[in-house]
Structures are given as C-alpha cells and as structure tokens.
Amino acid sequence: MSEQQDNVVQQDENQIMAERRAKLGALREQGVAFPNDFRREDIAGELHAKYGSLEKEDLEGRNVTVSVAGRMMLKRVMGKASFATVQDVSGRIQFYISRDSVGEDVYASFKTWDMGDILGAVGTLMKTKTGELSVQVTQLRLLTKSLRPLPDKFHGLADQEQKYRQRYVDLITNEVSRDTFIKRSRIVQKIREYMVNESYLEVETPMMHPIPGGATAKPFVTHHNALDMPLFLRVAPELYLKRLVVGGMERVFEVNRNFRNEGMSTRHNPEFTMMEFYEAYADYQRMMDMTEGVIRYAAREVIGHTAIEYQGKPVDLSKPFARFTIAGAIKHYNPQYTDEQLHDRAWLKAELARLGAKPVLTDGIGGLQLSLFDETTEEKLWEPTFIVDYPAEVSPLARANDTNPGITERFELFMVGREHANGYSELNDPEDQAARFQAQVDLKDKGDDEAMHFDADYIRALEYGLPPTGGCGIGIDRLVMLLTDSASIRDVILFPQMRRED
C-alpha cells in the first residue's frame, strides 16, 4: 500500500471512529452503555450440531427457545425484517430480526448498529427458506459498542505484521488462526494426558534463576531490588527438574516457558514453550521411545491421523522414526563424502571453510562433524529422524558412552528439516559434571556468551546421588507448527515478540 493510500485509509478509519464514538455518546445519555446483565445460555456450534439437520417443520414443532450472544459479522437491513450473522467462540449463527417481534424502537436502533458490535438475543430456532438455521429474535440488545471498524470481510488483515501485533483482530476475522490456536491448546492438553498416563507428575519450577543453566544459550538478565541481586530468566528448567529426581520424584514433567536472548526468525522466538520430562532408571533409548509416543499420540488425538502434510509435502508419523549417528546421517544424505574424510580433522575444517561455515577452531572431529551436519544434512531430514551419539564437547549435561567417552548418550529429533526435541541419558557423576561446568566457564571467560555458568548447588545435589536418569525437551511451538501446517513460529504464538511500533 502506498503512503497516499495509507493516509486515505487512516482518514476513513478516523471518520468511522468519530461516528461510532458519537453513537456511544448517545448510548451513555440513555443509560448504561456497556450492560453486563445479559446471560448467554447457548452457543452457535452446539445449536448447529443439535438442530442443524432437522427439517423446517420439525424444528418449528419443537419451539426451541435460545439465548445467544456474539459479535455481528454480517448485516442485511431490509424493510420490516432484517438479518444479522453473529460469531461466538464456537462459530456463527444467523439472527432473523423483525420489527413486529422486537418492537419498533429496538428495530430502529438495530439499523444504526455497526459491524463488530456485540449483541445478545433471545428467540426461537427456525429454518429460513434456504434451510439456514437461524434465531427468530424476540429480544435484542447491544452489549458492547465496537469503536474501530473490522478489516474488509473478504480479506481480513492483509498485512502479516499487523496480524501478529493485533492478534485480537486476526482472531475475529480469520477462521484459520482461530482453529490453529484451538488446536494448540488441545495439543498441549493431549501431551499432558499422555505424560500423566505414563505415571509422570506435572511440576512447576522457577522462571527466575540466580544462575542460568540447562542449555547453552544467552540469558535475559534482570535485577531483584529487595535481594539486590541479578536474576536470569530461565533458558531451561532442566537443572531444577533433575534436583526433583534427586529428591525422589522419579518421573516429572513441566510444560514451561523459556527465554533465550538470541535472534528471531520463522523458527525462533525469544520466549518459547517446551515440555521437559525426566525419568529415573531410564536412558536415552527410553526417552526416544517416549518422544515418539507423545508426538504420535498428540497427532492422532488432535488431528485425527498420523499421516499428515506440511507445506505441501507428506510426513508420516505412524512408522518408527529413523535413527542415525551424525556421521551416518551425513553419509546417507551426502553420499559424496567418505568415512575417511568424515574422520579427518583437516579435511573437515577445509570442507566447512569451502561451505562458508565458521566452526569453533578448538572443536575436535565430533564438533566439526556436527558443524558439517548443520550445513549439509539437517534441512534434508524431512521424515522424523533421531540423530544420536553427540560429541561430549557439545553436550555438557549428557552422560558419556561407556565404551567411547568422546560421545554421549544423546539424541536430537528432526522433522521437516528442523530440530524438535533434544534428550539424553543424564550425567549423574558429580565430579565429571563439575569438570564439564568448569570447561563451560573457561569458554565463557574466552567470550562465549552462550556457555554455561558453574552451578555449585546443582553439583551439591548430584553429590547426594542422582539415580540413572533419562531426560528430554520437546519444542511445543515447533510441534504445533508441524501439526497445524504453519510456516512460521509467529503463526502459532498468540503474541510473538515484535519490534516496538515507534
């Protein structure tokens, strides 16, 4: 839209708002402008489900009285009778409003009401000549005056940024958005249901930490005035959840909000939701089985099937998820590489330089392989795939493999070319964990903002004894993206982080 067109639209909106404010002023003079004594007893979706299939005569014979309310989305004013379509949380239903039924004063007032106003009505269900279920209104009230005009009914909010900034308008006008967030709520509900059925206990842990930990990420920093100390918004709940396992709560999970002070994209929001879970006497193999199970359950229960489509391509959640090592995945999807090359540090550095990547210079072969995986393979993992056996140098909280201490019992789950979960057999050796924390501190001292702090209390907890434990975190936002076929993470977060409008 040009600047000139934008100014015209703004002038039109200002004129409409001025007219609506005048109407509101008249309502105030008449008495209560925003009444709160109307009680809705019925919603559109349930009325359609219960009575929508009845024949016109059958419905009239039942004389069904209803009390409904919603936002007026369509309006057709005629002579002595008019129609309005109102929308509530469950859908839409039509009002048939006649002057004889509601009275001349109310009918005259109705003709001045605007699209977006919220109405309440009492009446009897009927079918129109075209067979549309409607309410033959006998009582009609204006409950809320809408001062701003809704977007064009055929196009809704055309500007993507405006959709995210004004989600309330997007939800009013966009059925797809409403459906996405209803599904998101149900997905989280079914995840909780699956975990409880597996004898996990839902818990809550702090969102402000004296020491950030549980992930390699740059935290947000705040300050507690009463204690005169810095605090960090949590980057992950992991270390607190494992403290609970030390305390004897052997299966715990938390649906949690995390905060990471990093870039934003179609895949990243600085505030995001995860589900983390920990189980005593389990390992990363069990965690992979749990991850596969909970995702499949959520898809089946909410979407209705496990053969889904994302951005025009099929994804099959029904069959066992594939499993590869990092090197195995690189070779499978990039057959031009040889085993010798993938285990040659000099070759890996040269190949990454050729690809324009900047690996950590101190990385060993495992870290360099991971960088090559990121560059060449991750986006090719469309079908659900577990990548296992991550190098210890990039897995500071994971248990090392007993026969090869250079790798850890860790996995990440990839679907549609992006990471969806991260889990491992937990490191429960306090001395090994202390050494890894110290290595992270050394990296932080060298300028790595994402390296972990040394958490002495967590080491103390481990010294009391953490049983053999498996743990995992699943990204809820990305899972909702997958199951609702949403291209951007902003499409599945009700209020995504945005730049200031000014």
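Residues numbered from 1 in each chain as written. Predicted model: local features only at pLDDT ≥ 70, side-chain atom pairs only at ≥ 80, totals over all residues. Heavy atoms only, no water.

*Asks:* What is the right way to look at the overall build of the protein in this model?
*Replies:* A tally of helices and strands in the protein yields 17 helices and 18 strands. Its C-alpha atoms give the protein principal-axis dimensions of about 85 × 50 × 50 Å. With 502 residues in all, the protein has 48% of them scored as buried. Pairs at least 24 apart in sequence give 66% of the contacts found in the protein among residues at least 6 apart. (Helix = DSSP H or I, 4+ residues; strand = E, 2+ residues; numbered from the N terminus. Buried < 20%, exposed > 50% of the residue type's maximum accessible area, 1.4 Å probe, protein only. Contact = heavy atoms within 4.5 Å.)

*Asks:* Even after reading the chapter, I still don't get the nonpolar core, so can you show me in this structure?
*Replies:* For soluble globular proteins, the rule of thumb is that nonpolar side chains tend to be buried together. Counting residues in each nonpolar core, the largest one holds 45 residues, and the members touching the most others are I191, M195, M275, F277, L317, L482 and L483. No other element matches helix α10 (residues 284-303), which puts 10 residues into this core. Ignoring sequence-local partners within four residues, the contact set of L482 consists of I308, Y310, V315, M415, V416 and H420. With 26 residues, the next largest nonpolar core counts Y51, A121, L125 and L142 among its residues. (Core = buried A, V, L, I, M, F, W, Y, C linked by side-chain atoms within 4.5 Å.)

*Asks:* Sorry, what's going on with the pattern of salt bridges here?
*Replies:* Under the counting rule described, the total for this entry stands at 34 salt bridges. The closest approach of N and O atoms between R148 and E13, which form a salt bridge, is 3.1 Å. With R148 in the loop between β5 (133-144) and α6 (160-165) and E13 in helix α1 (residues 3-30), this pair connects stretches of sequence that are 135 residues apart. R148 gets classed as exposed once you look at its relative accessible area, which sits at 52%. Residue class for E13 comes out partly exposed when judged on its relative accessible area of 22%. Here R286 and E279 are joined by a salt bridge, their closest N and O atoms 2.9 Å apart. Owing to a relative accessible area of 25%, R286 belongs among the partly exposed residues under this scheme. Connected through salt bridges with shared partners, the residues R20, K23, D114, D117 and K145 form a single ionic network. (Salt bridge = Lys/Arg side-chain N within 4 Å of Asp/Glu carboxyl O.)

*Asks:* Help me understand the side chain of S67 in this model?
*Replies:* Within the secondary structure, S67 sits in strand β1 (residues 65-76). On the basis of relative accessibility, which here comes to 5%, the residue S67 falls in the buried class.

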